[in-house]
Amino acid sequence: MPKFHRIAAICVLVAAGAWIATGEFSSVGSAQVAEGKEIPTPETPVQDPAPLVRTVAAVEPAFVDHARAIRLSGITEADKRTDLAARAEGVIAALALTKGGVVAAGQVVMELEGPETVAQEEIARIALAQKERDLEVAERLYEGGSTSESNLTNARSARDAAQAELNRARAAADRLRLKAPFAGVVDTVSVELGEWVQTGTPVATILSLDPILVKAEVSEVDLAAVTVGSTAKVRLVNGTEMDGTVRLVAREASAQTRTFPVEIALPNPRMALPSGMTAQVTVFAAPVRAVVVPRSIITLSDEGKLGLRVVGDDNIAQFAAVTIIDDTPEGLVVTGVPEGVRIITAGQDLVRNGDTVKVAAGIGQ
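First, a word on what this report is: a plain description of the structure on this page. (Residues numbered from 1 in each chain as written. Predicted model: local features only at pLDDT ≥ 70, side-chain atom pairs only at ≥ 80, totals over all residues. Heavy atoms only, no water.)

## Topic: the overall build of the chain
Okay, so step 1: Broken down by element type, the chain carries 3 helices and 24 strands.
Okay, so step 2: Split into buried and exposed, the 365 residues of the chain put 34% on the buried side.
Okay, so step 3: By sequence separation, contacts in the chain at least 24 residues apart represent 73% of the contacts at least 6 residues apart. (Helix = DSSP H or I, 4+ residues; strand = E, 2+ residues; numbered from the N terminus. Buried < 20%, exposed > 50% of the residue type's maximum accessible area, 1.4 Å probe, protein only. Contact = heavy atoms within 4.5 Å.)

## A look at the pairing of strand 21 (residues 323–328)
Working note: regular strand, side chains alternate between the two faces of the sheet.
Okay, so step 1: Pairing of strand 21 with strand 22 (residues 331–335), which is carried by 5 bridges, proceeds in the antiparallel orientation. Opposite Thr 323, over in strand 22, you have Thr 335 as the bridge partner.
Okay, so step 2: The hairpin turn running from strand 21 into strand 22, its antiparallel successor, is 2 residues long. (Pairing = 2+ DSSP bridges.)

## A look at the environment of Ile 298
Okay, so step 1: Within the fold, Ile 298 resides in the loop between strand 17 (288–293) and strand 18 (299–300).
Okay, so step 2: Sequence spacing of Ile 298 and Ile 324 is 26 residues, and the spatial spacing of their C-alpha atoms is 10.0 Å.
Okay, so step 3: Once you skip the residues sitting within four places of it in the chain, Ile 298 turns out to touch Val 293, Leu 306, Gly 307, Leu 308 and Leu 332.

## Examining helix 2 (residues 115–143)
Okay, so step 1: Here helix 2 contains 29 residues, and its C-alpha end-to-end distance of 43 Å stays within 8% of the 42 Å for a straight helix at 1.5 Å per residue.
Okay, so step 2: Residues Glu 121, Ala 124, Leu 128, Leu 135 and Ala 138 constitute the buried set of helix 2.
Okay, so step 3: Where helix 2 is buried, its residues contact helix 3 (149–174).
Okay, so step 4: Looking one or two residues beyond helix 2, the residue adopting positive phi is Gly 145, at roughly 80°. (Expected span 1.5 Å × (residues − 1).)

## Details of a nonpolar patch on the surface
Okay, so step 1: A surface patch of nonpolar side chains, amounting to about 250 Å² of accessible area, comprises Leu 300, Leu 306 and Ile 324.
Okay, so step 2: Among the structural elements, Leu 306 can be located in strand 19 (residues 306–311). (Patch = residues over 30% accessible without salt bridge, like charges linked within 9 Å, V, L, I, M, F, W, Y side chains within 5 Å. Areas by Shrake-Rupley, 256 points an atom, 1.4 Å probe, with all protein chains shown as cover. Salt bridge = Lys/Arg side-chain N within 4 Å of Asp/Glu carboxyl O.)

## Focus on unusual backbone geometry
Okay, so step 1: That bond from Asp 210 to Pro 211 is cis: its omega, 5°, falls within 30 degrees of zero.
Okay, so step 2: By the secondary structure assignment, Pro 211 is in strand 12 (residues 202–218).
Okay, so step 3: With a phi close to 60°, Arg 258 is a non-glycine residue in the positive phi region.
Okay, so step 4: Mapped onto the elements of the fold, Arg 258 is located in the loop between strand 14 (241–249) and strand 15 (260–266).
Okay, so step 5: By relative accessible area, Arg 258 is classed as partly exposed at 43%.
Okay, so step 6: In this structure, Met 271 takes a positive phi of about 55° despite not being glycine.

In structure tokens, the structure reads:
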């Protein structure tokens, strides 16, 4: 009997091994056969993952008309400056010039001795008067038929010659008197009363300080924003602040600095502001429609352009290229922000063009 059991066990083991080798497990119910064919097991469809929607913060842009401030360094200078010189030679007989004094336009500031010249002027005046009387007599005689036309012509020529001689004498006498060409302040005086001077001897320097000018230079980049008539604020080194007007913008740049000279006129009726004082000038460009944004939200496009990430009503993020026109304590002033969008203020570096975003309510408002 034991031998029979051993043989039976071996037969069972062989049969089990053969069954396992065939791979058939129909008895478990894992596969069913219909009409000699297997029925395939239904497959579960693979679903694509849902797109990632990032949450960002955004604000409505506040558009303003911004006048960009262009800051320059300058120095005050006289509106006009002239160096007076003697127009004839002689001894100074009168001198109405003192350093720091004020002179009026056309005022005689120096007179030379010249009795001979004055006498020649008087003689010429008397001679002209005589020739004019002779011409009157000749005209009456000609009208009465008592003289010829030739005599009348000679009388007129004599009168004209006398007039020319008087003009020459007056010019010579006028050169003895030196006049101020414009109202101003006497900056220097180089002669003294009773001094002998020759023609061309420096006499004095006169400055016209009303208006007084502030001369500065503007760069090539800012040149287009500065025009004649633009408003300018000037702060002098002594703390004085004044409003002025751009009077001149040069059309030719300095060869050394490639900057363009600018002149700002300041009223100076009491001539209290001197020439040569350091000044800080702020010129305001024409206002443009812009938005003030924090520096932290400026980003770059894939092409390396400066801009902002914006989102419209469809919650699709887009890139808006902007131009920075000013830097203020409140932030960067930029142009180019489209109408009807919100500016992303947080999360802008995590989204790209075309991404759908969710704007967090109450954040960044």
